[in-house]
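A look at the structure
Here are the chains, one letter per residue:
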Amino acid sequence: MRPSWVAILVLPSAALVVAIRASANSAAHAGPWRRVLERLTRDRASLAAAWFVLALCAIAALAPRLALYAPDYQDADALNAHPLSPTHALGTDLLGRDLLSRLMHGGRVSLAVAMLSVLLSTTVGVVYGATAGFYGGRVDSIMMRTLDAAISVPRVLLLLAVFALWGHQSITALVLLMGLTGWFGISRQVRAQVSAARPREYAVAARALGAPDARVLWRHILPNALSPAIVAASLGIGNVIILEAGLSYLGFGVQPPRPSWGNIIQDSGGVLSPFWWMAIFPGALIVATVLAFNMIGDGLRDAMDPRQLPRS
């Protein structure tokens, strides 16, 4: 197992859970971010969702050690999609491959694609929106009109057009395409926050003391404008999981024999009867994962609401 998979899948979720739990022990003289985490700790639904995501990422990262079968192993005694059995807990697909093992390995791809895509889109969106909001004027006008033109193109249609023109892409290309088409909303939110923070006293004082624009923006303004981006990123992971699953189901995303949750559903042929387990289990896993990320995003949104934070 390559360590990169552990870093991609486990570390972000582990850092979130550890930070949430640690915040509850030292909230007495806490700053605003510690208070946000302390409020998030009290939200049992968000905390349970964070633990679920962490467990899911750990299982996906350790799939080569936990799965009983390789994702492409065909059991000669279980061909033609056998239902649940002691040897195959979730049954097999039409080629005799163990469904549970394929779901574990498919989670490595689906979760990694979602997290890396959202990381890329959040980074681009924050940089773009912060630059437009900080400089304002003609720069802001040109950048926002360009953004309006980009938003006018439906994301799914754009991705389908790219795949239709250039054929099947690698996972790296898939991450880049999904990341570079998902930052528009985040940039708008960050731009609004930066524009509102630019005339405030602490930003004006930093300029009066001779701080360069880059330092004023990245050191003083942006940390106070990141809340919408963090919430949007947590919600965006669920959206990208659904998007990747849909593209893979249509045959444009992750290509066989590499499993993903989307192409595992595609393997069922879109038929629930008689092979119901081939679509129900991966579909339920996608729904549960998206629901968990949305619950985390809702909890972060409530915890970061300035009206809910006590004043020092």
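Right above here is the structure, for reference.
Quick caveat: nothing in here was measured; it's all calculated off a predicted structure.

**Overview of the overall build of the protein chain**
Helix and strand counts for the protein chain stand at 15 helices and 0 strands. Each of the 312 residues in the protein chain was classed as buried or not, and the buried ones make up 46%. Of the contacts made within the protein chain by residues no fewer than 6 positions apart, 71% connect residues no fewer than 24 positions apart.

**Some details on the pattern of salt bridges**
Side chains bearing opposite charge may pair, as long as their charged atoms lie close to each other. For the structure on display, the rule yields 5 salt bridges. For arginine 97, the salt bridge identified is with aspartate 93, shortest N-O distance 2.8 Å. You can call aspartate 93 buried: its relative accessible area is 3%. For arginine 102, the salt bridge identified is with aspartate 93, shortest N-O distance 3.8 Å. Of the two residues, arginine 102 and aspartate 93, both sit in the buried class. Taken together, the shared-partner salt bridges connect Asp93, Arg97 and Arg102 into one network.

**Things to note about the environment of serine 117**
Within the secondary structure, serine 117 sits in helix H6 (residues 99-135). Among the residues examined, serine 117 registers a relative accessible area of 1% and is labelled buried. Separated by 63 residues in the primary sequence, serine 117 and leucine 180 have C-alpha atoms spaced 7.9 Å apart. The contact partners of serine 117, leaving out residues within four places of it in the chain, are Val175, Met178, Gly179 and Val240.

**Notes on the nonpolar core**
Counting 44 residues, the largest nonpolar core has Leu111, Ile241 and Trp261 as its most contacted members. Those elements that place two or more of their residues in this core are helix H4 (44-61), H6, helix H8 (155-166), helix H9 (171-179), helix H13 (227-249), helix H14 (261-266) and helix H15 (277-303). The element that contributes the greatest number of residues to this core is H15, accounting for 10 residues. Core analysis: the second largest hydrophobic core is formed by 17 residues, Val126, Val190, Ala203 and Ala232 among them.

**Quick notes on the environment of tryptophan 51**
Along the chain, tryptophan 51 falls in helix H4. Among the residues examined, tryptophan 51 registers a relative accessible area of 42% and is labelled partly exposed. Put simply, tryptophan 51 and alanine 292 are 241 residues apart on the chain and 9.2 Å apart in space, counted from C-alpha to C-alpha.

**A short note on helix H10 (residues 184-197)**
With 14 residues, H10 extends 20 Å from end C-alpha to end C-alpha; this agrees with the ideal 20 Å at 1.5 Å per step. Within the span of H10, buried status applies to Phe184, Ile186, Ser187, Val190, Val194 and Ala197. Taken end-on, H10 shows its buried residues confined to a sector of 145°, consistent with a single buried face. Against H6, helix H7 (137-151), helix H11 (201-208), helix H12 (213-221) and H13 lie the buried residues of H10.

**Details of the packing of aromatic side chains**
As enumerated under the stated definition, the model contains 7 aromatic pairs in all. Judged by centre distance (5.1 Å) and plane angle (90°), the rings of phenylalanine 134 and tyrosine 135 are edge-to-face. The exposure class assigned to tyrosine 135 is partly exposed, which follows from its relative accessible area of 46%. Measuring from ring centre to ring centre gives 6.4 Å for phenylalanine 163 and phenylalanine 252, while their planes differ by 35°; the resulting arrangement is tilted. Pair noted here: phenylalanine 163 is in helix H8 and phenylalanine 252 is in the loop between H13 and H14, with a separation of 89 residues, a long-range link. Residue phenylalanine 163 is classed as buried on the basis of its relative accessible area, which comes to 3%. Each member of the aromatic cluster is reached from another via a ring pair, and the members are Tyr128, Trp183 and Phe184.

Criteria and cut-off values
- Residues numbered from 1 in each chain as written.
- Predicted model: local features only at pLDDT ≥ 70, side-chain atom pairs only at ≥ 80, totals over all residues.
- Heavy atoms only, no water.
- Helix = DSSP H or I, 4+ residues; strand = E, 2+ residues; numbered from the N terminus.
- Buried < 20%, exposed > 50% of the residue type's maximum accessible area, 1.4 Å probe, protein only.
- Contact = heavy atoms within 4.5 Å.
- Salt bridge = Lys/Arg side-chain N within 4 Å of Asp/Glu carboxyl O.
- Core = buried A, V, L, I, M, F, W, Y, C linked by side-chain atoms within 4.5 Å.
- Expected span 1.5 Å × (residues − 1).
- Arc of directions from axis to C-beta.
- Phe/Tyr/Trp six-rings, centres within 6.5 Å; stacked < 30°, edge-to-face > 60°.

These figures capture arrangement, not role.
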